[in-house]
Amino acid sequence: MEAGTVKQRIGVPREIFPLEKRVATVPEVVEKLIKLGFSVVVESGAGEGANVSDDAYRAAGAEVVNGAAALWAGSDIVFKVRPPSTEEVAQMREGSALIGFVWPAQNPALMDQLAGKKATVLAIDCLPRTLSRAQKMDALTSTAGVSGYRAVIEAANAFGRFFNGQITAAGKVPPAKVFIAGAGVAGLAAIGTAASLGAIVRANDTRAEVADQVVSLGGEFVKVDYEEEGSGGGGYAKVMSEGFQAAQREMYAKQAREVDIIITTALIPGKPAPKLITAEMVQSMKPGSVIVDMAAEQGGNCELTVPGEAVVRHGVTIIGYTDLASRLSKQSSTLYATNLLRLTEELCKAKDGVINVNMEDDAIRGLTVVKDGAITWPAPPLKQAAAPAPKPVAAPVAEKKGGHGHGASAPMPAKTLAIIFAVAALAFWFMGAYAPSAFLGHLTVFVLACFIGYMVVWNVTPALHTPLMSVTNAISSIIAIGALVQIAPPEVAGVSRPDVLIRWLAFAGIVLTAVNMFGGFAVTRRMLAMFRK
C-alpha cells in the first residue's frame, strides 16, 4: 500500500460471524488511534455485542456510518476480529489494508481473494510469539487467557456442586477435582481460576518446562510415564510419538475415573485437534461430571464433543462452545483492541496517521501474509541468535592428602580453630578484668542483638528479605530518641545545655529519621501487598 500524505482512515465493521459479539476496537483505544494521526470510522451497531454504544464511539472522536459497504469502501485500513467473508472482501477497496485474525493455512481461498484485491494483510495469528517485543501485540495470548477463564466458569455453571470444600451443619462437601489437559496460556488461566475457586487442580502438558508454572498457580503437574520432549517451537506443542500417546491415554483414563471436571486445551497449529478423551473415558467418569472442550472449533479433544453445543453423554455434560472468548465480549474486545493499538504504534512510529509495513522488522514480516497483492506467507524462519562462546573448563582442584581440597569449602584445621578460640577467650578475659561494668553490659547486648538479628534474617524466606529489612530499618530509627534528648535535655544540676549547632544537628537527625521510619513501613506494606491475592 502506498503511503500518502493524507492521514489514513481505520474502519471497524460489525462482526457477522455467528455468535461473535466482540469488536475490533473500543472507545478508549479510538482516542489513542486519533492521537497517532488516524481517523476512525465505525459501523453502526459494531459494539452492541460488547456493550459499547454508537454514542460512546462518537464521544471518543470516531465517525459512525450505517452499512458495511460504505465502511469497507471508505477505509484505508480495516480492523477485524474474525477472518472476513467472501462478501466482505468483495466490498474492500482495492489496495487497502486488513489487520485481524486470518489463519492463512486454513483459508487458502481467502488468501487468493485478498491478493486479488491488491491488499496488504497483517494476520495477528501469525505473530512470531518467540519475540519478546511482540508480546504486547500477542492477541492469541490475550484471547486464550479469556477463554481459559471462561471455560472454568462454564464448568462451574454445569457442575452440580461447590468447587471449594466446605464443612457445614448439613454435612461435609468435598472439593471438586479438576483436570486440565494442556498448560498453555488457556490452560494456565484455567488452572489459576479453578484453584482460586477452591478446587483441587491437576494438569498435564507435553512440555515438561511448564510444570513449575502449573505448581506456581496452585495446581499439581501430572507427568506422563514416558520420556519425550514435547516443545514444538514458537510456544506450541508438537505431535508426539505413538509410544508417548499410548502412555498419555493411560494417564488420562486414570484421571477421568478420579476427577469431576476435565478441561481440554490441546491444539497444534495447522492440524486437527488431537483426540485425548475417548468415549470409554467419558463412560468411566462419575455421573454429573463435566468436560469443557476448548478445542471444539478445530474438531475437539473429546470424541463425543459436538461443536457449539453442550450435550450429555453417559451422564457427563460435554461443553463444546466455540465462542468462549465472545462470552466475555467486553473484556475480550478491550484486550484485543489494545493488541491492535500496539501493532499500529509499531506501524506508525512517526505518528503521522500513515502505516509503514516494514518487511525488515521480524515481527512485522511475520505478521504480513499479503503485501500489495503478493502472498508473502509463510514468513522465513527467524534468525537465531549466535550461541555464546563456551566457557573454559576450570582445571580440577588438586586434593590434599586425606581427601580435603584447597577450596574455600575445606574444613578449618583443628589446630587453627583451637588458636582462634584461645585468642577470643583471652580477649574476653581481658575485657572482663579491666573494662568498666557499663561497657560489658553494652557489649553483651550488642553481641546478643547481632546473634538474634542474624538468626531472624537467616530463617526468613529470601522473597521477604526486602520487607523485613525495611521494617528493621524503621525500628532502628529509635535513634530519634537521642536527637530529642539533645534538643530538649532534662534539667541536671551542673550540666550545661547544648549549644545551638548541636540542637540544629539534632533537628536534622530527627527529620532524616522520620523519613527513614515512615518510608520503611511504607515499603513494607507495598512489598507484602505483592504476596496477597
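Overview of the structure. (Residues numbered from 1 in each chain as written. Predicted model: local features only at pLDDT ≥ 70, side-chain atom pairs only at ≥ 80, totals over all residues. Heavy atoms only, no water.)

### Here's the deal with a nonpolar patch on the surface
- A cluster of nonpolar side chains, Leu 448, Phe 451, Ile 452, Tyr 454 and Met 455, forms an exposed patch at the surface whose accessible area comes to about 520 Å².
- Checked against the element boundaries, Tyr 454 lands in helix H14 (residues 437–458).
- Assessed through its relative accessible area of 48%, Tyr 454 is described here as partly exposed. (Patch = residues over 30% accessible without salt bridge, like charges linked within 9 Å, V, L, I, M, F, W, Y side chains within 5 Å. Areas by Shrake-Rupley, 256 points an atom, 1.4 Å probe, with all protein chains shown as cover. Salt bridge = Lys/Arg side-chain N within 4 Å of Asp/Glu carboxyl O. Helix = DSSP H or I, 4+ residues; strand = E, 2+ residues; numbered from the N terminus. Buried < 20%, exposed > 50% of the residue type's maximum accessible area, 1.4 Å probe, protein only.)

### Points about the sheet that holds strand E14 (residues 261–264)
- The seven strands are arranged E11-E10-E9-E14-E15-E17-E16 in an open sheet whose pairing can be described as mixed. Only two strands of the sheet have a single neighbouring strand rather than two, namely strand E11 (220–221) and strand E16 (310–313).
- One ladder, built from four bridges, connects strand E9 (residues 177–181) with E14; its direction is parallel. Across the sheet, the residue bridging to Phe 179 is Ile 262, located in E14. (Pairing = 2+ DSSP bridges.)

### A few points about unusual backbone geometry
- Of note, the bond from Trp 377 into Pro 378 is cis; its omega dihedral lies within 30 degrees of zero at 0°.
- Here Pro 378 lies in the loop between strand E19 (374–375) and helix H13 (414–434).
- Despite not being glycine, Lys 351 shows a phi value in the positive range, around 55°.
- Relative to the helices and strands, Lys 351 resides in the loop between helix H11 (329–347) and helix H12 (362–367).
- Among the residues examined, Lys 351 registers a relative accessible area of 58% and is labelled exposed.
- The backbone of Asp 372 shows a phi angle near 50°, a positive value even though the residue is not glycine.
- Locating Asp 372 in the fold gives a position in the loop between strand E18 (368–371) and E19.
- Assessed through its relative accessible area of 39%, Asp 372 is described here as partly exposed.

### Section: the packing of aromatic side chains
- Inspection of every chain in the model, using the stated rule, returns six aromatic pairs.
- Between Phe 101 and Trp 103 the ring centres are 5.8 Å apart and the planes differ by 10°, which places this aromatic pair in the stacked class.
- Between the aromatic rings of Phe 179 and Tyr 252, the centroid separation amounts to 5.5 Å while the plane-to-plane angle is 70°, which identifies the pairing as edge-to-face. Separated by 73 residues along the polypeptide, Phe 179 in strand E9 and Tyr 252 in helix H9 (residues 242–258) bring together distant segments of the chain. (Phe/Tyr/Trp six-rings, centres within 6.5 Å; stacked < 30°, edge-to-face > 60°.)

### Considerations on the pairing of strand E15 (residues 290–293)
- Residues Val 290 and Val 292 point to one face of E15 and Ile 291 and Asp 293 to the other, with burial holding for every one of them.
- Alignment of E14 against E15, held across four bridges, turns out to be parallel. Paired with Ile 261 across the strands is Val 290, a residue of E15.
- Where the polypeptide runs from E14 across helix H10 (residues 279–284) and back to E15, its parallel neighbour, the crossover connection is right-handed.
- Bridge analysis of E15 against strand E17 (residues 316–319) gives three bridges, and the strand direction is parallel. The partner of Val 290 across the bridge, within E17, is Thr 317. (Right-handed = clockwise from strand over helix to strand, strands pointing away.)

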